[in-house]
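Okay, here's what each chain looks like letter by letter:
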Amino acid sequence: MNDTLARLFATIEARKSASADTSYTASLLQKGSAKCAEKFGEEAVEAIIAAAQSDPEALTSEAADVIYHLLVLLSASGVTLEAVEAELDRRDGISGHDEKASRSQ
């Protein structure tokens, strides 16, 4: 696997100090995590629509938007990509049913 997500997350982190006038990412981050969450939700809905319409090209584009906006949301919320990767590693090899059941305890 390549390091595309790590590079993108590093770019997002670097844009925290950029001007909102010149950086879309900075403009999102400066609006706060609630606005970033809203934008992530909008992009997720667009991906769902593309999938429901069986449009692989649109879904590919929308999926990239979803991933980008999720990373922006993580950054705005102070959550690192490494923390998410660690959680995924923790879940590796655990049945999805078992993992979900463990959260309700």
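Residues numbered from 1 in each chain as written. Predicted model: local features only at pLDDT ≥ 70, side-chain atom pairs only at ≥ 80, totals over all residues. Heavy atoms only, no water.

1. A word on the pattern of salt bridges
The tally for this structure, following the rule as stated, stands at 7 salt bridges. Between glutamate 42 and lysine 39 there is a salt bridge, and its shortest N-O distance comes to 3.6 Å. Residue glutamate 42 and its partner lysine 39 are located together in helix α3 (residues 33–52), separated by 3 residues, close to a single helical turn. Taken together, the salt bridges that share partners define one network made up of Lys39, Glu42 and Glu43. (Salt bridge = Lys/Arg side-chain N within 4 Å of Asp/Glu carboxyl O. Helix = DSSP H or I, 4+ residues; strand = E, 2+ residues; numbered from the N terminus.)

2. Digging into the side chain of serine 75
Residue position: serine 75 is located in helix α4 (residues 56–76). Overall, serine 75 belongs to the buried group, its relative accessible area being 2%. Discounting residues that sit within four places of it in the chain, serine 75 has contacts with Phe9, Ile12, Glu13, Lys16 and Leu29. (Buried < 20%, exposed > 50% of the residue type's maximum accessible area, 1.4 Å probe, protein only. Contact = heavy atoms within 4.5 Å.)

3. Brief notes about the layout of surface pockets
Empty space within the largest pocket amounts to approximately 160 Å³. Together, Leu5, Ile67, Leu70, Leu71, Leu74, Leu81, Val84, Glu85 and Leu88 line the largest pocket. Among the secondary structure elements, those contributing two or more residues to the lining of the largest pocket are α4 and α5 (81–91). Here the lining of the largest pocket is built from residues that sort into 8 nonpolar, no polar and 1 charged. (1 Å grid on protein atoms, 1.4 Å probe; cavity = no way out; pocket = protein on both sides within 12 Å on 5 of 7 lines; lining within 4 Å. Points joined across faces, edges and corners; volume = space filled by probe spheres on them. Nonpolar A, V, L, I, M, F, W, Y, C, P; charged D, E, K, R; others polar.)

4. Quick notes on the environment of alanine 34
Along the chain, alanine 34 falls in helix α3. You can call alanine 34 exposed: its relative accessible area is 61%. Taking the C-alpha atoms as reference points, alanine 34 and leucine 73, separated by 39 residues in sequence, lie 8.5 Å from one another.

5. Quick notes on a negative patch on the surface
Among the surface-exposed residues, Glu82, Glu85, Asp89 and Asp92 lie close enough to one another that they form a single negatively charged patch. You can see aspartate 89 is positioned in helix α5. In this structure aspartate 89 comes out as exposed when scored by relative accessible area, which is 59%. (Patch = residues over 30% accessible without salt bridge, like charges linked within 9 Å, V, L, I, M, F, W, Y side chains within 5 Å. Areas by Shrake-Rupley, 256 points an atom, 1.4 Å probe, with all protein chains shown as cover. Lys, Arg positive; Asp, Glu negative; His and termini not counted. Charge placed at Lys NZ, Arg CZ, Asp CG, Glu CD.)

6. Comments concerning the packing of aromatic side chains
Within this structure, the stated rule accounts for 1 aromatic pair. Between tyrosine 24 and tyrosine 68 the ring centres are 6.4 Å apart and the planes differ by 25 degrees, which places this aromatic pair in the stacked class. One end of the pair, tyrosine 24, is in helix α2 (residues 24–30); the other, tyrosine 68, is in helix α4, and 44 residues separate them in sequence. The partly exposed category is assigned to tyrosine 24, whose relative accessible area is 46%. Accessibility expressed as a relative area gives 15% for tyrosine 68, which makes it buried. (Phe/Tyr/Trp six-rings, centres within 6.5 Å; stacked < 30°, edge-to-face > 60°.)

7. Observations concerning the side chain of glutamate 43
Relative to the elements of secondary structure, glutamate 43 occurs in helix α3. The class for glutamate 43 is buried, based on a relative accessible area of 5%. Beyond its immediate sequence surroundings of up to four residues, glutamate 43 is in contact with Glu62, Asp65, Val66 and His69.

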